[in-house]
Amino acid sequence: MHNTMHNRLAPYAVSDTNSRGRRIHEDFPTGRSQFQRDRDRIIHSTAFRRLEYKTQVFVNHEGDLFRTRLTHSLEVAQIGRSIARNLGLNEELVEAIALSHDLGHTPFGHAGQDALNNCMKAYGGFEHNLQSLRVVDVLEEHYAAFNGLNLCFETREGILKRIPKSRAPELGELGMRFLHGHNPSLEAQLANLADEIAYNNHDVDDGLRSGLITLAQLEEIEIFARHLHHVKQHYPDIAGRRLIHETVRGMINTLATDLTGQSITRIRSAAPDSPDSVREKPVLIGFSDAIKQQQQELKRFLHSNLYRHYQVKRMSNKARHTVEKLFATFETDPALLPSEYQHKFQEYGYQAIADYIAGMTDRYAIKEYQRLFAITEN
Ligand code: MG
């Protein structure tokens, strides 16, 4: 099994043989590839299990059917793997990146991240991509021989989607591409766009389910309208959830097919012969211009109608308040931290407070807030 796997990888794909390896040497795994091992370590991590109770747009207690960061990450992995296979890329690497790309996210989605970044201004700021890397490099306490998960360079490279240039030098080999203007592996480029396909489409689906956006509004958006009418043409009596699911399914399929076709064309013309030559080429994984524009129209729609909907904004406001209050309280008096984090405070300073808060699930943050401020809780 193991040997045949490599036969379908294209020369520009990352493989066990051309990988830059792990920071701490480990023997080659038996019965699985290096990137299967990475994926397996991610799935067994504590941060991965917490994704179940962390959200992006809707807070966890708002409903059982909305996406969480866990189901989002699984959708990214599914979309990424299908496309990877068609491009001759390393499916296991795409999967490992997809499953770990959100590990460093704070509770309460972007509102939580922005709030924590503000709180951390005086201590170097807070950035979720860097935090995801910190989770897999430092924070996970699972192995006897090292901190973190000791993942391969290429998995870590994929996790570190973007960072402020000023932070690049401290990251060694991993930061170099931000200084040199190089790109990451094709697997990382793909995971990034699979993320975009996943969240745009599930936010449409969750947005409709929540009632915050409507079908009538979405009929003004080209890519949605086209797929909606296509479904209605073939199934004139279709309605309700089934109509929405078929439409979203069609959109995901169109985006994945377009991305595959466009990327094949670009890869053919750039003709990279190794993952390292990929890094010096322009971005090779991408949508056609037409589809890119339609995606952007949909994104703009979601921004103004869903993410800025007053009900979402009220929840974001509460989230910001909760994170700021937690941070300010621990900042003023670190002795209020749980003992484990008081030790970490000795070691990492205020970053330890950010680690503690970023690691919280939505409901843990709410509970911790009550424990700190409600006299009846402890
Ligand atoms: Mg994501």
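Residues numbered from 1 in each chain as written. Predicted model: local features only at pLDDT ≥ 70, side-chain atom pairs only at ≥ 80, totals over all residues. Heavy atoms only, no water.

1. Points about the coordination of the magnesium ion
In this structure, His 72 (NE2), His 101 (NE2) and Asp 195 (OD) serve as the protein donors to the magnesium ion, at separations of 2.1 to 2.4 Å. Sequence positions of the residues that donate to the magnesium ion give the spacing H-x28-H-x93-D. Of the two residues, His 101 is situated in the loop between α5 (91-100) and α6 (109-119) and Asp 195 in helix α10 (residues 186-210); the sequence distance between them amounts to 94 residues. When sorted by exposure, His 101 lands in the same class as Asp 195, which is buried. (Donors = N, O, S within 2.8 Å, 3.2 Å for Na, K, Ca; no water. Helix = DSSP H or I, 4+ residues; strand = E, 2+ residues; numbered from the N terminus. Buried < 20%, exposed > 50% of the residue type's maximum accessible area, 1.4 Å probe, protein only.)

2. Here's the deal with the side chain of Asp 203
Residue position: Asp 203 is located in helix α10. Although Asp 203 is buried, it makes no salt bridge; Arg 67 carries the closest opposite charge, 7.1 Å away. The residues contacting Asp 203, other than those within four sequence positions of it, are Val 57, Ile 213, Leu 302, Leu 306 and Tyr 307. (Lys, Arg positive; Asp, Glu negative; His and termini not counted. Salt bridge = Lys/Arg side-chain N within 4 Å of Asp/Glu carboxyl O. Contact = heavy atoms within 4.5 Å.)

3. Quick notes on the layout of surface pockets
Estimates place the volume of the largest pocket at around 1200 Å³. If you go around the largest pocket, you meet 46 residues; those closest to its centre are His 110, His 128, Arg 162, Tyr 199 and His 303. In terms of residue count, the dominant contributor to the lining of the largest pocket is α10 (nine residues). For the lining of the largest pocket, the per-class residue count stands at 16 nonpolar, 16 polar and 14 charged. Counting only domains with at least three residues in the lining of the largest pocket, you end up with domain 1 (3-313) and domain 2 (314-373). (1 Å grid on protein atoms, 1.4 Å probe; cavity = no way out; pocket = protein on both sides within 12 Å on 5 of 7 lines; lining within 4 Å. Points joined across faces, edges and corners; volume = space filled by probe spheres on them. Nonpolar A, V, L, I, M, F, W, Y, C, P; charged D, E, K, R; others polar. Domains from an automatic or database assignment.)

4. Thoughts on the environment of Arg 320
Assignment of secondary structure puts Arg 320 in helix α16 (residues 310-332). Overall, Arg 320 belongs to the partly exposed group, its relative accessible area being 32%. Through-space distance from the C-alpha of Arg 320 to that of Gly 112 is 5.7 Å; in sequence the pair is 208 residues apart.

5. Observations concerning the packing of helix α17 (residues 339-348) against helix α18 (residues 350-359)
Two measures define how a pair of helices packs: the angle their axes make with one another and the distance between the axes. At a closest axis distance of 6 Å, the pairing of α17 and α18 adopts a crossing angle of 135°. The angle between α17 and α18 places the two elements in the oblique class. Each of Tyr 341, Lys 344, Phe 345 and Tyr 348 in α17 lies in contact with α18, whose residues at this interface are Tyr 350, Gln 351, Ala 352, Ile 353, Asp 355 and Tyr 356. Broken down by class, the residue content of the contact of α17 with α18 amounts to seven nonpolar, one polar and two charged. (Axes fitted to C-alpha atoms, helices over the stretch in contact; angles between N-to-C directions. Parallel < 35°, antiparallel > 145°, perpendicular 65-115°, else oblique.)

6. Remarks on the packing of aromatic side chains
Applying the stated criterion across every chain yields a total of eight aromatic pairs. Note on Tyr 341 and Tyr 356: the rings are 4.5 Å apart at their centroids and 40° apart in plane angle, and the pair reads as tilted. Taken as a pair, Tyr 341 in helix α17 and Tyr 356 in helix α18 lie far apart in primary sequence, 15 residues in all. This pair shows no difference in class: Tyr 341 is buried, exactly as Tyr 356 is. When the ring of Phe 345 is compared with that of Tyr 350, the centres are 5.2 Å apart and the planes differ by 90°; the resulting orientation is edge-to-face. On the basis of relative accessibility, which here comes to 17%, the residue Phe 345 falls in the buried class. According to the relative accessible area criterion, Tyr 350 is partly exposed, its value standing at 27%. The structure contains a cluster of three or more aromatic residues connected by ring pairs, namely Tyr 123, Phe 327, Phe 345 and Tyr 350. Sitting over the face of the ring of Tyr 143, Arg 41 holds its NZ or CZ atom 4.9 Å from the ring centroid. (Phe/Tyr/Trp six-rings, centres within 6.5 Å; stacked < 30°, edge-to-face > 60°. Lys NZ or Arg CZ within 6 Å of the ring centre and 35° of its normal.)

7. Overview of unusual backbone geometry
The general pattern is negative phi for most residues beyond glycine and trans for most peptide bonds. Phi at Asn 150 takes a positive value of approximately 50°, unusual for a residue other than glycine. Although it is not a glycine, Ala 271 sits at a positive phi angle of roughly 45°.

8. Quick look at the domain arrangement of the chain
Under the domain assignment, the chain is made up of domain 1 (3-313) and domain 2 (314-373). Summarising the inter-unit geometry, the C-alpha centres of domain 1 and domain 2 are found 27 Å apart. If you look at the interface, domain 1 gives 30 residues, while domain 2 gives 27 residues. Three residues stand out in domain 1 for area buried against domain 2, namely Tyr 53, Phe 108 and Tyr 123, and they jointly supply 22% of the buried area on that side. With its nearest N and O atoms 3.0 Å apart, the salt bridge here joins Lys 344 to Glu 141. In this structure, the connection of domain 1 to domain 2 is made through 18 residue pairs in polar contact (both at pLDDT 80 or more). Broken down by secondary-structure element, the contributors of at least two residues to the side of domain 1 that touches domain 2 are α6, α7 (128-139) and α16. Residues belonging to the side of domain 1 that touches domain 2 are distributed by class as follows: 15 nonpolar, nine polar and six charged. (Buried area = accessible area lost by both parts, 1.4 Å probe. Polar contact = N/O pair within 3.5 Å; in protein donor to acceptor, adjacent residues only side chain to side chain.)

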